Amino acid sequence: MKIQSKFLCALAFFMTATFGALHAQNDNVTTEFGVKGGFNMSNLYDDEADDENILYGFNAGLYATLPISDFVAIQPEILFTTKGSELEYNNAFATGNAKFKLNYIEVPLLVRVNLTKNFNLQAGGYASYLVSSKVTGSGDFEFDEDVDTDDLNKFDAGIAAGVGVDFSPISIGLRYNYGLTKVGKDRTDPLGNTYNTLGDAKNSNLTLYLSYKLN
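Keep in mind that what you see is a predicted model, and the values were worked out from it rather than measured. (Residues numbered from 1 in each chain as written. Predicted model: local features only at pLDDT ≥ 70, side-chain atom pairs only at ≥ 80, totals over all residues. Heavy atoms only, no water.)

(A) Quick look at the overall build of the protein chain. Counting its secondary structure elements, the protein chain contains 1 helix and 11 strands. Here the protein chain holds 215 residues, and 42% of them are scored as buried. Contacts in the protein chain between residues at least 24 apart in sequence constitute 68% of all its contacts with a sequence separation of at least 6. In the form shown here, the protein chain has an accessible surface area of approximately 11,100 Å², with 60% of it arising from carbon and sulfur atoms. (Helix = DSSP H or I, 4+ residues; strand = E, 2+ residues; numbered from the N terminus. Buried < 20%, exposed > 50% of the residue type's maximum accessible area, 1.4 Å probe, protein only. Contact = heavy atoms within 4.5 Å. Areas by Shrake-Rupley, 256 points an atom, 1.4 Å probe, with all protein chains shown as cover.)

(B) Geometry of the packing of aromatic side chains. Summed over all chains, the structure comprises 5 aromatic pairs. Where tyrosine 45 meets tyrosine 178, the ring centres are 4.8 Å apart and the plane angle is 25°; that geometry is what we call stacked. Of this pair, tyrosine 45 sits in strand 1 (residues 32-45) while tyrosine 178 is found in strand 8 (residues 170-182), placing the two residues 133 residues apart along the sequence. Of the two residues, tyrosine 45 and tyrosine 178, neither departs from the other in class, the shared state being buried. Aromatic pair tyrosine 129 and phenylalanine 155: ring centres 5.2 Å apart, planes at 65°, arrangement edge-to-face. (Phe/Tyr/Trp six-rings, centres within 6.5 Å; stacked < 30°, edge-to-face > 60°.)

(C) Geometry of the pattern of salt bridges. Evaluation of the coordinates by the stated rule reveals 6 salt bridges. Because the salt bridges share partners, they merge into one network encompassing Lys36, Glu77 and Arg175. (Salt bridge = Lys/Arg side-chain N within 4 Å of Asp/Glu carboxyl O.)

(D) Just unusual backbone geometry, in detail. Cis rather than trans, the peptide bond between serine 168 and proline 169 has omega equal to 10°. For proline 169, the location among the structural elements is in the loop between strand 7 (155-167) and strand 8.

(E) Looking closely at a nonpolar patch on the surface. On the surface, Val35, Leu62, Ile78, Ile105, Val107, Tyr129, Val131, Phe155, Ile170, Leu210, Tyr212 and Leu214 cluster together to form a nonpolar patch covering roughly 1,100 Å² of accessible area. Sorting the residues of the nonpolar patch by element identifies strand 4 (95-114), strand 5 (119-139) and strand 11 (202-213) as the ones contributing at least two each. Counting through the fold element by element, isoleucine 170 comes out in strand 8. In this structure isoleucine 170 comes out as partly exposed when scored by relative accessible area, which is 36%. (Patch = residues over 30% accessible without salt bridge, like charges linked within 9 Å, V, L, I, M, F, W, Y side chains within 5 Å.)

(F) How the structure looks around the nonpolar core. The biggest cluster of nonpolar side chains holds 8 residues, and these are Leu44, Phe100, Leu102, Tyr104, Leu130, Leu152, Val183 and Ala201. Ranked by the residues each element gives to this core, the list is headed by strand 4, at 3 residues. If we ignore the near neighbours within four places in the chain, the residues touching leucine 44 are Gly84, Ser85, Phe100, Leu102, Val183, Ala201, Lys202 and Asn203. Counting 6 residues, the second-largest nonpolar core is a separate cluster that includes Ile54, Tyr176, Tyr178 and Leu206. (Core = buried A, V, L, I, M, F, W, Y, C linked by side-chain atoms within 4.5 Å.)

(G) Fine view of the environment of lysine 134. By secondary structure assignment, the location of lysine 134 is in strand 5. The sequence separation of lysine 134 and glutamate 145 amounts to 11 residues, and the corresponding C-alpha distance is 5.5 Å. What lysine 134 contacts, discounting residues up to four positions off in sequence, is Lys99, Phe100, Lys101, Asp144, Glu145, Asp146 and Val147.

(H) Just the confidence of the model for the protein chain, in detail. Per-residue confidence for the protein chain gives a mean pLDDT of 83; residues scoring 70 or more make up 77%. Note on residues 17-25: pLDDT is under 50 here. Beyond four places in sequence and across chains, it has 12 contacts. (pLDDT = per-residue confidence, 0-100.)

(I) Summary view of the environment of leucine 152. Tracing the chain through its elements places leucine 152 in the loop between strand 6 (143-146) and strand 7. The class for leucine 152 is buried, based on a relative accessible area of 2%. It is 4.8 Å that separates the C-alpha atoms of leucine 152 and lysine 185, two residues lying 33 residues apart in sequence. In contact with leucine 152, other than residues within four places in its own chain, are Phe100, Leu102, Leu130, Ser133, Val147, Val183, Gly184, Lys185 and Leu198.

(J) Local environment of the side chain of serine 42. Structurally, the position occupied by serine 42 is in strand 1. In terms of polar contacts, serine 42 uses its side chain to reach the side chain of asparagine 205, at 2.7 Å. Not counting residues within four places of it along the chain, the set of residues in contact with serine 42 comprises Asn53, Ile54, Leu55, Thr82, Lys83, Gly84, Ser204 and Asn205. (Polar contact = N/O pair within 3.5 Å; in protein donor to acceptor, adjacent residues only side chain to side chain.)

Here you go:
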């Protein structure tokens, strides 16, 4: 099952489970400032995102909701978020798993539309900066090593979409980030050949988040 399909299934379930709590009438968007955090399910993909080799992580940071009309707002955020992938192996030589961890400072910029007083849709994009990376392993071989970020692109960018349900001052939601930038950096060897240690791999990330309005 592709991660996009998983997101759509989760979205349908999320909407069904929470729709009974929503008010039938719309309400004006108001200015908000708050904190948020969530649970990440991340992976790296080449041509298509899938649900294999998922790495579990987290995100945390700040957000603001800035109205531009009665029901529409711009929602900027700044987050610390973890991404990457996990590989399990079991063969005649060794058994265990390896985790490739990427830590970013991420800035999503979303358009938020309040469909009802409690229910909103979000869509937009994100840009992020890689602050650290490491690979860890457990099983027959154990290791914990930092990855040389010179082999990785420091900047990542992509598109984002999600849903949210407000129970003021607390909100919960689901969001999917689809990376458009290669994680690995194209490099040239002494013979002039171009290579990339991660190929065309890009980030894919599904988040379940909780936010708290401070004002």
